[in-house]
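# Geometric and topological summary
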Amino acid sequence: MNILVVVAHPDDEVLGMGGTILKHAIHGDTVTVAYMTTGITSRRSSKYQNVSSYGINKKLELDMKKQIEELRKDAKKACNLLNVKKFFFFDFPDNEMDTVPLLKIVKTIEKLVKEIKPERIYTSHYGDLNIDHRVVFEATLTACRPVRLPVKEIMCFEILSSTEWAFTYRFNPNHFININGELDKKIKAMQVYKNEIKEFPHPRSVENIKNSAHKWGTVSGFHAAEAFEIIRKS
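Here's a quick rundown of the structure. (Residues numbered from 1 in each chain as written. Predicted model: local features only at pLDDT ≥ 70, side-chain atom pairs only at ≥ 80, totals over all residues. Heavy atoms only, no water.)

Take the packing of aromatic side chains next. Summed over all chains, the structure comprises eight aromatic pairs. Ring geometry for Phe88 and Phe90: centres 6.5 Å apart, planes at 15°, overall stacked. With 5.9 Å between their ring centres and 85° between their planes, Phe171 and Trp216 make a pair best called edge-to-face. Here Trp216 lies in helix H6 (residues 206-220) and Phe171 lies in the loop between strand E5 (153-157) and strand E6 (175-178), a separation of 45 residues in the sequence. Comparing Phe171 with Trp216 shows no difference in burial state: the two are buried. (Phe/Tyr/Trp six-rings, centres within 6.5 Å; stacked < 30°, edge-to-face > 60°. Helix = DSSP H or I, 4+ residues; strand = E, 2+ residues; numbered from the N terminus. Buried < 20%, exposed > 50% of the residue type's maximum accessible area, 1.4 Å probe, protein only.)

What follows is the structure in structure tokens.
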């Protein structure tokens, strides 16, 4: 099976479905990950911390370009841990995808779909707090209109520190994948994102990644699971 994972930022893929990605790869499926944004520039900082300023100077812009390169190296390492051989990086603006014509994003995803011919697509949730996650979902759904395309299934997943921070919480999973054997690798892949992983009680902490997997496990009868909301299945 050809699988395409469309996410806004490097680390979304691990937080949302790192165990499932590895499981697909182990089972012989071809997994491709597409990262749509640079994933870092919205912080407006060279120290990996958010600052309350929108404008940037030339030096900060150069520093952030170096951060983008470093983040992409981390993403490649995470993909390697999850046995992902194919990935794409795009340069849409971080946390500003709503400033880009939706058609431009749709066309980018359409081109990927025609090239990869995925039977199943995973993407971020339509109700997330993060604007990029919502735009990526909408663009993916639009790009995969059920006409002359190979896509049979579209599923979305929650991303810790975004889905659950959108009050009210709208994630309604109806599909669960057992990741008990893949959870340790998922955590190692997240730890590769050294500037993104946080200390507990932050949602992007090792402890909370385990908590989330065990929570969905209790819902679905597994020791550890990842949850998905089926958007389309044919």
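Attention shifts here to the sheet that holds strand E2 (residues 30-37). An order of E3-E2-E1-E4-E5-E7-E6 is seen for the seven strands of this open sheet, with the pairing classed as mixed. Pairing within the sheet leaves two strands with one partner each, and these edge strands are strand E3 (86-92) and E6. Within this sheet the neighbouring strands show an average axis-to-axis angle of 25°, counted without direction. The pairing of E6 with strand E7 (residues 225-233) spans four bridges and is antiparallel. Note on E7: the bridge partner recorded for Ile177 is Glu226. Helix H3 (residues 102-116) contacts strand E1 (2-7), E2, E3 and strand E4 (120-124) of the sheet and is inclined by roughly 165° relative to E3. (Pairing = 2+ DSSP bridges. Axes fitted to C-alpha atoms, helices over the stretch in contact; angles between N-to-C directions. Contact = heavy atoms within 4.5 Å.)

By the secondary structure assignment, His125 is in the loop between E4 and helix H4 (131-143). Engagement of the side chain of His125 in a polar contact is seen with the backbone nitrogen of Gly127, the distance being 2.9 Å. (Polar contact = N/O pair within 3.5 Å; in protein donor to acceptor, adjacent residues only side chain to side chain.)

Before going further, it helps to spend a moment on unusual backbone geometry. A cis amide bond links Phe167 with the next residue in sequence, Thr168, at an omega value of 5°. With respect to the helices and strands, the residue Thr168 is situated in the loop between E5 and E6. Positive phi is not limited to glycine here, since Lys117 has a value of about 55°. Inspection of the secondary structure puts Lys117 in the loop between H3 and E4. Classification of Lys117 as partly exposed rests on a relative accessible area of 49%. With a phi angle near 80°, Ser161 is a residue other than glycine that sits in the positive phi range. Along the polypeptide, Ser161 turns up in the loop between E5 and E6. The buried category is assigned to Ser161, whose relative accessible area is 12%.

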